[in-house]
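Listed below, chain by chain, are the residues.
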Amino acid sequence: MPMATTTTDPTRERIIDAADECFRRFGVAKTTVEDIAAAAGLSRATVYRSVTGGRDELILEVVVRDLHRFLDRLADRLRRERSVAEAIVEGTLDAIEYVRNEPTITHFLVPEAAGHMQAAVAGAAEHVLAVCCDYVRPAFEKAQRQRTLRADIEVEGTVEFLFRIITSLIVMRRDRDAGELRRFLRTYVVPVIAAP
């Protein structure tokens, strides 16, 4: 599958915008390339010429574009956190809230979209993790220099660990309020990452 890329091609941007609009309106599972072409005011052939990976590539493009926007906000917030522990807790809570409240991402979590999710995104998991790592690497490296983050862990492994935690907390919802979730993260997640 082609990887998502940042583009300055106006036609491609128009198609990605249309795909985003259609995914929000109809859901990922029910959106067709024809729907996207109509929303963009283009022919289906033009869409396929601009996006050679078809619908699966468009799904990934929309997810990665939204992910970049979220990570920009998250990186800014994490720079303001006073401690690694709070950065981990608040960053995780922000990520959970973002996914739960972002219609494009939420559509991937509904049962009828499960097959589409696997086909479109599973093959690009390494790309998504690499994007996340690029955003948090400077903060992690600074924390390791300051000895507030365990010296023996790597950014990639830590991001994957947090990604898995965030995913499980989204999928396995429990009746925890924000305070209980913060206590859970401080008790079980922070000690794995933060220096003792």
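Residues numbered from 1 in each chain as written. Predicted model: local features only at pLDDT ≥ 70, side-chain atom pairs only at ≥ 80, totals over all residues. Heavy atoms only, no water.

(A) Region of interest: the confidence of the model for the chain. For the chain, per-residue confidence averages 82 on the pLDDT scale, and residues scoring 70 or more make up 84% of the total. At the level of individual helices and strands, the chain shows its lowest average pLDDT in helix α7 (residues 114–121), which scores 54, and its highest in helix α2 (residues 33–40), which scores 95. (pLDDT = per-residue confidence, 0-100. Helix = DSSP H or I, 4+ residues; strand = E, 2+ residues; numbered from the N terminus.)

(B) Spotlight on the pattern of salt bridges. Applying the stated rule across the entire model yields 16 salt bridges. Ionic pairing is found between Arg-25 and Glu-21, a salt bridge with its closest N-O pair at 2.3 Å. Of this pair, Arg-25 and Glu-21 both sit in helix α1 (residues 10–26), 4 residues apart, which is roughly one turn of the helix. Note on Glu-21: relative accessible area 38%, which makes it partly exposed. (Salt bridge = Lys/Arg side-chain N within 4 Å of Asp/Glu carboxyl O. Buried < 20%, exposed > 50% of the residue type's maximum accessible area, 1.4 Å probe, protein only.)

(C) Layout of helix α5 (residues 84–101). Taking 1.5 Å per residue, 18 residues should reach 26 Å; α5 reaches 25 Å between its end C-alpha atoms and fits that length. Across the 18 residues of α5, 13 count as buried, placing the element largely inside the fold. (Expected span 1.5 Å × (residues − 1).)

(D) View of the environment of Leu-185. Looking at where Leu-185 falls in the secondary structure, it is placed in helix α10 (residues 178–188). Placed 97 residues apart in sequence, Leu-185 and Ile-88 show a C-alpha to C-alpha distance of 8.2 Å. Each residue touching Leu-185, except ones within four places of it in the same chain, is listed here: Val-89, Thr-92, Leu-93, Ile-165, Leu-169, Val-190 and Pro-191. (Contact = heavy atoms within 4.5 Å.)

(E) Just unusual backbone geometry, in detail. In the Ramachandran plot, Arg-147 falls in the positive-phi region, its phi being about 60° despite a non-glycine side chain. For Arg-147, a relative accessible area of 72% gives the class exposed.

(F) Geometry of the nonpolar core. Core analysis: the largest hydrophobic core is formed by 37 residues, its most contacted members being Leu-71, Ile-88, Leu-149, Val-159, Leu-185, Val-189 and Ile-193. Going through the elements one at a time, α4 (54–80), α5, α8 (125–145), α9 (155–171), α10 and α11 (190–193) are the ones with two or more residues in this core. Residues Ile-15, Ala-19, Ile-36 and Ala-37 belong to the second largest nonpolar core, which totals 16 residues. (Core = buried A, V, L, I, M, F, W, Y, C linked by side-chain atoms within 4.5 Å.)

(G) How the structure looks around the packing of aromatic side chains. In this structure the tally under the stated criterion is 2 aromatic pairs. Ring plane angle 15° and centroid distance 4.4 Å describe the contact between Phe-70 and Tyr-98, whose orientation is recorded as stacked. Placement of the pair is Phe-70 in helix α4 and Tyr-98 in helix α5, with a sequence separation of 28 residues. Under the relative-accessibility criterion, Tyr-98 is labelled buried at 12%. Ring plane angle 45° and centroid distance 5.2 Å describe the contact between Phe-184 and Tyr-188, whose orientation is recorded as tilted. Placement of both Phe-184 and Tyr-188 in helix α10 is noted, with a separation of 4 residues, approximately one turn of the helix. Taking the relative accessible area as the measure of exposure, Phe-184 reaches 24% and is therefore partly exposed. (Phe/Tyr/Trp six-rings, centres within 6.5 Å; stacked < 30°, edge-to-face > 60°.)

(H) Structural detail: the layout of surface pockets. Size it by volume and the second largest pocket reaches roughly 300 Å³. Lining the second largest pocket are 17 residues, with Leu-93, Ile-96, Arg-100, Ala-178 and Leu-181 positioned closest to its centre. If you tally residues by element for the lining of the second largest pocket, the top one is α5, at 7 residues. Within the lining of the second largest pocket, the residues separate by chemical class into 6 nonpolar, 1 polar and 10 charged. (1 Å grid on protein atoms, 1.4 Å probe; cavity = no way out; pocket = protein on both sides within 12 Å on 5 of 7 lines; lining within 4 Å. Points joined across faces, edges and corners; volume = space filled by probe spheres on them. Nonpolar A, V, L, I, M, F, W, Y, C, P; charged D, E, K, R; others polar.)

(I) Geometry of α2. All of the buried residues in α2 are Val-33, Ile-36, Ala-37 and Ala-40. When α2 is viewed along its axis, its buried side chains cluster within an angular range of 100° and face the same direction. Gly-41, located one to two residues past α2, shows a positive phi value of around 70°. (Arc of directions from axis to C-beta.)

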